[in-house]
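Inside the fold
Here is what each chain is made of, one letter per residue.
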Amino acid sequence: LLTDMNAEIILFTRKSNFKSKFDKTFNNINIKFVEWDIDNFETIEKNILGVDCIINLCGILFENKKGDFYKVHSKLPAYLGKISSQKKINTLIHVSALGVSADSRSRYSRSKALGEKNLIENFPKGKILRPSLLYGKGDNFFGQFSKMSSFSPVLPLISRFTKFQPVFVGDVAMAIINIANNKNDGENFYELVGRSVYSFEELLKIFLEIKNIKRFLLPLNPNVMMIPAFFLQYLPKPPFTVDQMKLLKKDNIKINNFPGLEELGVNPTDM
C-alpha cells in the first residue's frame, strides 16, 4: 500500500535473511532494509534523517528472558517518542493491543500500557492503535490452529467463553495509511475492531466449518492450564505461557469510547 503511494520506505528488521525472502515474494519494490537489534537504538537515529512518519510494529507474545516485554513494549516506544520530538517527525504511529492496562495481571498487557504512556509523554501528538485479534494470511490465531489440526484430532479450547472482536489485518494497514496521510480526526487513541463479537468456541467452530474438517474441541480452564504453561514457557517458542493464560481470562472487545476504523475512513471487513 505504501509503495503504491510512491513512498520511500526504510524497514528495520532483526532477521538477517528477511531481505532475500522479501525480494522473492515482492519484485521491484524499493525498500531500504536496515538490520538492527532492540539494544541498538543508535541504528534507528542514524537512519531516520528526513523521515516524515515512523510506524512502530514491534511486539512480542512471550519473553525469552525476563525484561524482554519492558524492553520491546515500553522502552522502545519511549525512545521513538523522544527521537520523534527531537527530529521534528510529523507522524508517529504505534501499534499496541486492545485491552492493555497498567492494572493487568499480565506483564504483556502492563508493558504495552506503559509503552503507550511513555510514547505520548515524549510525543504528545502520537497515534496509538489498539487492534483486537488480527486475522489474515499467516496470522497467529487461525494459522496456529490450522497447523495443529493437520496432525491432531483434538483442538484445545482454552477459556471457551472469552470474547473477541477480530479485525482484518488489511483494515489495520489501511488505517495506518490514512493516518500517515493525515486523514484522521486528531485523536491519540484508536481501538480497531471488526463489526462482530465471537467467543473463543465460536471462532474455532467457524474455522472448522471453513476448513470443512471435524475435530474434537477440548474445553480447558485457563486456571488449570497455568500448570503446564509454567513449564512450557521455558521453551524457545512456547505454545502458550502463564502470562497468556492470564490474558485469556478477560474479553478482548471494544469497551471504551475511542474512535475506530470508521473514523479513519475504513469500512470493517466481514470476517
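Located above this text is the structure these notes cover.
A few points on the structure. (Residues numbered from 1 in each chain as written. Predicted model: local features only at pLDDT ≥ 70, side-chain atom pairs only at ≥ 80, totals over all residues. Heavy atoms only, no water.)

Some thoughts on the overall build of the protein
Our working definition: In DSSP terms, a helix is any run of H or I states spanning at least four residues, a strand is any run of E spanning at least two, and both are numbered starting from the N terminus. Radius of gyration here uses only the C-alpha atoms, and the compact-globule reference equals 2.2 Å multiplied by the residue count raised to the power 0.38. Three labels apply to residues, based on accessible area from a 1.4 Å probe with only protein chains included: buried if under 20% of the type maximum, exposed if over 50%, partly exposed otherwise in between. Contacts are assigned to residue pairs with any non-hydrogen atoms lying within 4.5 Å of each other. Only the protein chains shown count as covering a residue, and every accessible area follows the Shrake-Rupley method with a 1.4 Å probe. This count recognises Lys and Arg as positive and Asp and Glu as negative, with His and chain-terminal groups excluded. Working definition for charges: the position is that of NZ of Lys, CZ of Arg, CG of Asp or CD of Glu.
The helix and strand tally for the protein stands at nine helices and 12 strands. Computed over the C-alpha atoms, the radius of gyration of the protein is 19 Å, within 12% of the 18 Å expected from 2.2 N^0.38 for a compact globule of 271 residues. Summarising its shape, the C-alpha atoms of the protein cover approximately 55 × 40 × 35 Å along the three principal directions. Relative to its 271 residues, the protein shows a buried fraction of 44%. Excluding contacts between residues fewer than 6 apart, the proportion of contacts in the protein whose partners are at least 24 apart in sequence is 75%. If you sum the accessible surface of the protein, you get close to 15500 Å²; carbon and sulfur atoms cover 54% of it. The protein carries 37 positive and 27 negative side-chain charges, and their two centres are separated by 6 Å.

Some remarks on the pairing of strand E4 (residues 91-95)
What counts is decided by this rule: Note on handedness: a clockwise path from strand one over the helix to strand two, with the strands aimed away from the viewer, defines a right-handed crossover. Strand pairing follows a simple DSSP-based rule, namely that at least 2 bridges must link the two strands.
Where burial is concerned, most of E4 is hidden: five out of the five residues are buried. What you see with E4 is no split at all: Thr91, Ile93 and Val95 on one side and Leu92 and His94 on the other are buried throughout. Of the crossover connections in this fold, the one passing from strand E3 (residues 53-56) over helix H3 (residues 68-86) to the parallel E4 is right-handed. With three bridges connecting them, E4 and strand E5 (residues 127-131) associate as parallel partners. Paired with Val95 across the bridge in E5 is Leu129.

Overview of the sheet that holds E3
Spelled out, the test is: Under this scheme, a helix contributes an axis fitted over its contacting stretch, all axes are lines through C-alpha atoms, and angles between N-to-C directions fall in the 0 to 180 degree range.
Pairing is parallel in the open sheet, where four strands are placed in the order E3-E4-E5-E10. Of all strands in the sheet, those bounded by a partner on one side alone are E3 and strand E10 (189-192). Mean inter-strand twist for the sheet, computed between neighbouring axes without regard to direction, equals 15°. Across four bridges, the pairing between E3 and E4 is parallel. By the bridge assignment, Asn56 is partnered in E4 with His94.

Observations concerning unusual backbone geometry
Located in the positive-phi region is Lys88, a residue other than glycine, with phi close to 60°. Inspection of the secondary structure puts Lys88 in the loop between H3 and E4. Although it is not a glycine, Asn212 sits at a positive phi angle of roughly 55°.

Remarks on the packing of H3 against helix H4 (residues 107-122)
Basically, it comes down to this: What sets the label is the angle itself: under 35 degrees gives roughly parallel, over 145 gives roughly antiparallel, 65 to 115 gives roughly perpendicular, and the rest give oblique. Residues are grouped as follows: Ala, Val, Leu, Ile, Met, Phe, Trp, Tyr, Cys and Pro are nonpolar; Asp, Glu, Lys and Arg are charged; all remaining types, including Gly, are polar.
Two numbers describe how H3 lies on H4: the axes approach to 8 Å, and their chain directions differ by 10°. Here H4 runs roughly parallel to H3, going by the angle between their axes. Between H3, through Phe69, Tyr70, His73, Ser74, Pro77, Ala78, Gly81, Lys82 and Ser85, and H4, the contact on the second element is made entirely by Arg107, Tyr108, Ser111, Lys112, Leu114, Gly115, Asn118, Leu119 and Asn122. Taken together, the residues that form the contact of H3 with H4 break down as seven nonpolar, eight polar and three charged.

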